[in-house]
Amino acid sequence: TYDMPIACVEGWSTTQRWTGVRLADLATLAGAPSGDFLEVHSLQTAGPFRVASFSADQVADHRALLALRVNGVDLSLDHGYPARIIIPALPGVHCTKWVGSMTFMSA
């Protein structure tokens, strides 16, 4: 669980308490070599943020999460249910909502 700000490209920001699984732990469980980047596909069928890539440094950040809860409750659809990516210092639009699949890949 981490309190992290999330900023919108439209100019607002807020701090929320995010709970989930650390991306670094998922990489380890998946057997991904250190230095792999992460490709995430959203359940949304179209749109510019349906697929996103995150660098090895972003994945390794101990605060980077596959978030399942926000402020003590399960994510709502609006917040990205069933899961969303939370990366520190990354604008909210790039924190993929509605995560459908994740693949660790070599550069």
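Summary of the structure given here. Keep in mind it's a predicted model, so treat the numbers as computed, not measured.

**Quick look at the overall build of the protein**
On a plain count of helices and strands, the protein comes out with two helices and eight strands. The linear arrangement of helices and strands in the protein, starting from the amino end, is β-β-α-β-β-α-β-β-β-β. Its C-alpha atoms give the protein a radius of gyration of 13 Å, within 12% of the compact-globule value 13 Å for 107 residues. With respect to the principal axes defined by its C-alpha atoms, the protein has extents near 35 × 30 × 25 Å. Within the protein, the fraction of its 107 residues that count as buried is 32%. In the protein, once contacts between residues fewer than 6 apart in sequence are set aside, the share between residues at least 24 apart is 54%. When the accessible surface of the protein is summed, it comes to about 6000 Å², and 55% of that surface belongs to carbon and sulfur atoms. If you average the places of the 7 positive and of the 9 negative side-chain charges in the protein, the two averages end up 5 Å apart.

**Description of the nonpolar core**
Ranked by internal contacts, the top residues of the largest apolar core, which has 24 residues, are Leu23, Phe54 and Ile85. Aside from chain neighbours lying at most four places away, what touches phenylalanine 54 is Phe37, Leu38, Val40, Val59, Ile85, Ile87, Leu90, His94 and Thr96.

**A word on the environment of valine 70**
When you line up the elements, valine 70 lands in strand β5 (residues 65–70). Ignoring any residue separated from it by four or fewer positions in sequence, one finds valine 70 in contact with Gln16, Arg17, Trp18, Leu75 and His79.

**Considering the pattern of salt bridges**
Enumeration according to the criterion identifies three salt bridges in this entry. With its nearest N and O atoms 2.9 Å apart, the salt bridge here joins aspartate 61 to arginine 63. Judged by its relative accessible area of 32%, arginine 63 falls in the partly exposed class. Close ionic contact of aspartate 74 with arginine 69 constitutes a salt bridge, the shortest N to O distance being 2.8 Å. By relative accessible area, which is 30% here, arginine 69 ends up partly exposed.

**So, the sheet that holds strand β4 (residues 51–54)**
The strand order across the open sheet formed by three strands is β4-β3-β8, and the pairing between neighbours is antiparallel. On the outer flanks of this sheet lie β4 and β8 (99–105), each paired with one strand and no other. Recorded for the sheet is a direction-independent mean angle of 20° between the axes of neighbouring strands. Pairing geometry for strand β3 (residues 37–42) and β8, over six bridges, is antiparallel. When the bridges of β8 are listed, leucine 38 appears paired with phenylalanine 104.

**A few points about the environment of aspartate 25**
Topologically, aspartate 25 is positioned in helix α1 (residues 23–29). Measuring from C-alpha to C-alpha, the distance between aspartate 25 and proline 91 comes to 23 Å, with 66 residues separating the pair along the chain.

Cut-off values and rules
Residues numbered from 1 in each chain as written. Predicted model: local features only at pLDDT ≥ 70, side-chain atom pairs only at ≥ 80, totals over all residues. Heavy atoms only, no water. Helix = DSSP H or I, 4+ residues; strand = E, 2+ residues; numbered from the N terminus. Rg over C-alpha atoms; globule rule 2.2 N^0.38 Å. Buried < 20%, exposed > 50% of the residue type's maximum accessible area, 1.4 Å probe, protein only. Contact = heavy atoms within 4.5 Å. Areas by Shrake-Rupley, 256 points an atom, 1.4 Å probe, with all protein chains shown as cover. Lys, Arg positive; Asp, Glu negative; His and termini not counted. Charge placed at Lys NZ, Arg CZ, Asp CG, Glu CD. Core = buried A, V, L, I, M, F, W, Y, C linked by side-chain atoms within 4.5 Å. Salt bridge = Lys/Arg side-chain N within 4 Å of Asp/Glu carboxyl O. Pairing = 2+ DSSP bridges. Axes fitted to C-alpha atoms, helices over the stretch in contact; angles between N-to-C directions.

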